[in-house]
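Okay, here's what each chain looks like letter by letter:
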Amino acid sequence: MKSKKLKSLILLFLVVIVFLVGANYLFGDSQGSETSKPETESIGVANQTNESATFESSSSKEEAAENLQVREDIFGSRTVPREEAFMDALHKMTHQKVHATPKWGTLEITEERLLEMQSVLNTTQYDHAVFYQNALEQWLRGDFTNSVDVHNYIWNLQGGTVGEAKRLLTPEEEVNYIDQYFR
């Protein structure tokens, strides 16, 4: 009888472990599992100009190291991110611009991040690369009117069921959001 209970307990333990690992893979991000309070990762204030510099053209070792740190700040790794991590970073940035409840995770939109994401796109073959490139180009021009569409497109790709964006934040709402999560 004890042997049967022990086997059942071990089996239950293995099932729970498999479930937790699977849930972390499906719903987790590169920083760990998400919580209802957005995580914040800020590296500076957004500058809405359209500069054509890329991180690959860095002329010094210090600049190259800084660029790798930017990549790590965005994607949690200094290597080229999987498409899911790239998509998740872009999705988290839209939270600064859209009204959606709830929001899980946040990344401040900065020119540095946008340029690094463009650089990543130049070295990858993501399934949705054209969509990402169009969104980033528009944002680098200072035009965020597509943010609801960008959010909901990615939200749908990620199988979203709650938290669809309905509208852009008002300028006052965006300032409050920035103050709350990035300042």
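For the structure itself, consult the block above.
Residues numbered from 1 in each chain as written. Predicted model: local features only at pLDDT ≥ 70, side-chain atom pairs only at ≥ 80, totals over all residues. Heavy atoms only, no water.

Caption draft 1: Quick look at the nonpolar core. Core analysis: the biggest nonpolar cluster contains 22 residues, and Phe86, Leu90, Met93 and Trp139 have the highest contact counts within it. Elements with a minimum of two residues in this core: helix H3 (83-94), helix H4 (111-121), helix H5 (129-140) and helix H6 (147-157). Ranked by the residues each element gives to this core, the list is headed by H5, at six residues. Excluding anything up to four places from it in sequence, Leu90 contacts Met117, Tyr132, Leu136, Trp139, Val150 and Ile154. Counting residues in hydrophobic clusters, the runner-up holds five residues, among them Tyr177, Ile178, Tyr181 and Phe182. (Core = buried A, V, L, I, M, F, W, Y, C linked by side-chain atoms within 4.5 Å. Buried < 20%, exposed > 50% of the residue type's maximum accessible area, 1.4 Å probe, protein only. Helix = DSSP H or I, 4+ residues; strand = E, 2+ residues; numbered from the N terminus. Contact = heavy atoms within 4.5 Å.)

Caption draft 2: Fine view of the pattern of salt bridges. Tallied over the full model, the rule gives six salt bridges. A salt bridge links Asp88 to Lys92; the nearest nitrogen and oxygen atoms lie 3.3 Å apart. Taken as a pair, Asp88 and Lys92 lie in helix H3 at a separation of four residues, close to a single helical turn. Residue Asp88 shares its accessibility class with Lys92, and that shared class is buried. (Salt bridge = Lys/Arg side-chain N within 4 Å of Asp/Glu carboxyl O.)

Caption draft 3: Structural context of the packing of aromatic side chains. If you walk through the whole model with that rule in mind, you get eight aromatic pairs. Summarising the aromatic geometry, the rings of Phe131 and Tyr132 are spaced 6.1 Å apart at their centres and angled 70° between planes, so their arrangement reads as edge-to-face. You can call Tyr132 buried: its relative accessible area is 0%. Directly above the ring of Phe144 sits Lys97, whose terminal nitrogen or CZ lies 4.0 Å from the centroid. (Phe/Tyr/Trp six-rings, centres within 6.5 Å; stacked < 30°, edge-to-face > 60°. Lys NZ or Arg CZ within 6 Å of the ring centre and 35° of its normal.)

Geometry only, nothing functional implied.
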